[in-house]
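# Structural description and commentary
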Amino acid sequence: MARNRIDPEEFHRPLRRVLVGLLIMLMLGLFFLWRIDSPRVERFRAVLVDRFVPSFQWAAAPVTWTAGVLDNYQSYSRLYEQNQQLREELRQMKAWKEAALQLEQKNARLLDLNHVRLDPMLTHVTGVVLADSGSPFRQSVLLNVGARDGIKDGWATMDGIGLVGRISGVGQQISRVILLTDSNSRVPVTVQPSGQKALLSGDNSDLPPLDFLEDPDEVRPGDRVITSGDGGMFPSGLLVGSVVLGTDKRLRVALSADYQRLEFLRVLRSHELTPITDPGALVTSPPVQGPPKPPTTPEPDAETAGGSNG
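Predicted, not measured: the structure shown is a model, and the values here were computed from it. (Residues numbered from 1 in each chain as written. Predicted model: local features only at pLDDT ≥ 70, side-chain atom pairs only at ≥ 80, totals over all residues. Heavy atoms only, no water.)

Right, let's talk about the overall build of the protein for a bit. Counting secondary structure elements, the protein contains 4 helices and 12 strands. Within the protein, the fraction of its 310 residues that count as buried is 24%. Restricting to contacts in the protein with at least 6 residues of sequence separation, those with at least 24 account for 55%. Entry remark: accessible area of the protein is about 22,600 Å², with carbon and sulfur atoms responsible for 59%. (Helix = DSSP H or I, 4+ residues; strand = E, 2+ residues; numbered from the N terminus. Buried < 20%, exposed > 50% of the residue type's maximum accessible area, 1.4 Å probe, protein only. Contact = heavy atoms within 4.5 Å. Areas by Shrake-Rupley, 256 points an atom, 1.4 Å probe, with all protein chains shown as cover.)

Written out as structure tokens, the structure reads:
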């Protein structure tokens, strides 16, 4: 005869009901226990807390750790936002710093162009650089001054600090400046303090070499290079740069002019030299002529005087 099998669900369902009922009664008991306002109940509650709460610290550890992680994440988020804000402000400050430096340099050059005088007889015309040649084989720039401003070929140009080049080509409103770095540029210079004469020859590089030095052993890196004025090409005494030793062991010149920021150029009006008509007057002064002497009459001899008396 077959046995009647008991379904496990029929056994578990009443047990669950009993446990749920006991849990509800326990929770209601705790609720009413914490709501009763009595000194005895308060002491009982304190005893329960002291007895069971320390034992449940392990259960509160994950909750405490999760709360710490959330606080740290919020702090990290705030720090990240502040860091991004500071980075943006730093970029803006760098942009303002660069703009301030450019304005400071432009202001210094304009002041220099307006007030500096190399020679009382040397006046100048200030022009704005319009464009460069854009070719590595030709170093030149265009100025917005020309024949209408009295510009002539061959005049020297400076950026307020050092020599830049010379005028080579004049239009009615613009003129072209051949830079010292151009391969067609040749400038007679003097190296100080040795006084050695040389020729600054452009080779399309930032450091043009010194050619035809009288005594290269007398020249040292760091010596000052100025125009010599030989040939009447440039006025003498214009600052060109300083001597450096190139990678090819040649003596070269680090130009004082800032070729990376050519914005304004000063065109020097070269005054005409007085022609020399009497070379001897440069060595000795002409003889000084005194007042003219009165003419002398010849004295008569004794025979002539005696005959006349007789």
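Okay, the sheet that holds strand β4 (residues 163–170) next. The strand order around the closed barrel built from 6 strands is β1-β2-β5-β4-β3-β12, with neighbouring strands paired in antiparallel fashion. On average, each strand axis in the sheet is tilted by 45° relative to the strand beside it, whichever way the strands run. Note: strand β1 (residues 123–132) against strand β12 (residues 264–269), 6 bridges, orientation antiparallel. The residue bridging threonine 123 from the neighbouring strand is arginine 269, located in β12. (Pairing = 2+ DSSP bridges. Axes fitted to C-alpha atoms, helices over the stretch in contact; angles between N-to-C directions.)

What follows covers the confidence of the model for the protein. Detail in the predicted coordinates should be disregarded across regions flagged by low pLDDT. Overall, the prediction assigns the protein a mean pLDDT of 77, with 71% of residues at 70 or greater. For the protein, helix α4 (residues 302–309) is the element with the lowest average pLDDT, namely 48, and strand β11 (residues 251–255) is the one with the highest, namely 94. (pLDDT = per-residue confidence, 0-100.)

When strand β6 (residues 186–192) meets strand β7 (residues 196–201), the two strands line up antiparallel, connected through 6 bridges. Bridge pairing in β7 places valine 187 opposite leucine 200. Linking two consecutive strands that pair antiparallel, namely β6 and β7, is a turn of 3 residues; a positive phi of about 75° is found at glycine 195 within it.

So, about the sheet that holds strand β10 (residues 239–245). The strand order β8-β7-β6-β9-β10-β11 describes an open sheet built from 6 strands, whose pairing is antiparallel. Each edge of the open sheet carries a strand with a single partner, namely β8 (210–211) and β11.

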